[in-house]
Amino acid sequence: MFTDQLDSFIARYAEVTELMSDPDVINDNQRFRAISKEEADLRPKVETFSHYKNVIQEIEDTEELLAESSDDEMTELAKEELKELKEERESLEEEIKRLMIPSDPNDDKNIIMEIRGAAGGDEAQLFAGDLYEMYSRYATNQGWRVEVVESSSNDIGGFKEITLQIQGDNVYSKLKFESGAHRVQRVPDTESQGRVHTSTATVGVMPELEDIDFDLDDSDIRVDIFRASGAGGQHVNKTSSAVRLTHEPTGIVVSMQDQRSQQQNREKAMMILRSRVYEKIASEQQNEYDSQRKNLVGTGDRSERIRTYNYPQNRVTDHRIGLTIQKLDRIMTGELDEIVDALLLADQANKLEELND
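Per chain, the residues get numbers from 1 upward, laid out in the order the sequence is written. The predicted nature of this model means local features are confined to residues of pLDDT at least 70 and side-chain atom pairs, given and counted, to a pLDDT of 80 or more, with totals for whole chains, interfaces and linings taken over all residues. Derived side-chain values reflect all non-hydrogen atoms in the structure, with water molecules and hydrogen atoms excluded from consideration.

Caption draft 1: Focus on the sheet that holds strand S11 (residues 323-325). Any two strands with at least two DSSP-identified bridges between them are counted as paired. Every helix listed is a DSSP run of H or I at least four residues long, and every strand listed is a run of E at least two residues long, numbered separately from the N terminus. Judged by pairing direction, the sheet is mixed, and its 8 strands sit side by side in the order S2-S3-S1-S5-S4-S9-S10-S11 without closing on themselves. One side of each edge strand has no neighbouring strand; the edge strands of this open sheet are strand S2 (145-153) and S11. The mean inter-strand angle of the sheet, taken between neighbouring strand axes irrespective of direction, is 15°. Relative to strand S9 (residues 305-310), strand S4 (residues 180-186) runs parallel, the two sharing 5 bridges. From the neighbouring strand, Gln185 faces S9, where its bridge partner is Asn310. Here, axes are lines fitted to C-alpha atoms. For helices the fit covers the stretch in contact, and angles between N-to-C directions go from 0 to 180 degrees.

Written as structure tokens, this is what we have:
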């Protein structure tokens, strides 16, 4: 059933392990990191595949023994062993199918998260602030580090928009399904008659990429330098430290002035620009794929409504997978594991179904 794939994975794993001891690879940090990542990805596959091949061989040996045996007691033992081996084979075949699901190359990456108040004015911006707190607390629970890269706040404690850099182990794998429109239903503090209002905020999650992952052509980027404004000390109005990068093929613009030097602003702006351009290209490719086969958990488009937070009923509903949880109060304090795990399982089940088609 899996013989060709088994042999190709095992052969490649042998090549990779040999490369990891090659001095030329060891001295090339980027290449060694890429090879180490591939080895870690291949190892569980090869171990499972090797076990599977051993079980197949044991089944063949046991069947041969049964065919030749004339001893009743030996025959009964062989039949029982054969039954257990076949059950193990079925279990391993399911595990192999799961392991053969193509992994997302960005799963182990840090992320850039952008949260914006959308429909609903001040209430939408307050909700954007609530989402920022929710994700920040979840990140803290995971042992990740959160840094605010840039933000634009309003006068009542919310955010018109806020951009975060979240760093840690497998951040993208857990938060990649958070992109989309998040809807809140609650009574705003400014509502004198106690009526429930509906507002939205959008979330965008992009993997933080390096040059080795996704390179931008410098000739495609226009760089403008200007004086920063606002908080940041006396230097902001005396030096041209703010940076605006424009990726001319896509029209994507990133401005950065929150850092203390032009070089720091440029580095942060380039990091965000690279992620945004990658997201645009990846989104176009995903849309093309989805026109043929719909992704169960959505396209990741920011306009797609993915979740509703109903405060009067203490309820959260993820519309993509039909999940409803009656503990909004805990979710808003960062207890997102139940939602994150359900989305990951739904995505894995969808991919398994495609693999079986």
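Caption draft 2: View of the packing of aromatic side chains. Think of it this way: a Phe, Tyr or Trp ring, Trp meaning its six-membered ring, pairs with another when their centres are within 6.5 Å, and the plane angle makes it stacked under 30 degrees, edge-to-face over 60, tilted otherwise. One pass over the structure, following the stated rule, counts 4 aromatic pairs. Taking the centre distance of 5.4 Å and the plane angle of 45° together, the rings of Phe9 and Phe49 count as tilted. In this pair, Phe9 is assigned in helix H1 (residues 3-19) and Phe49 in helix H3 (residues 29-68), connecting sequence segments 40 residues apart. Note on exposure labels: buried denotes an accessible area under 20% of the residue type's maximum, exposed denotes more than 50%, and partly exposed covers the range between, all computed with a 1.4 Å probe on protein chains only. Classification of Phe9 by relative accessible area gives partly exposed; the value is 22%. A centroid spacing of 5.6 Å and a plane angle of 80° characterise the contact between Tyr132 and Phe159, whose relative ring orientation is edge-to-face.

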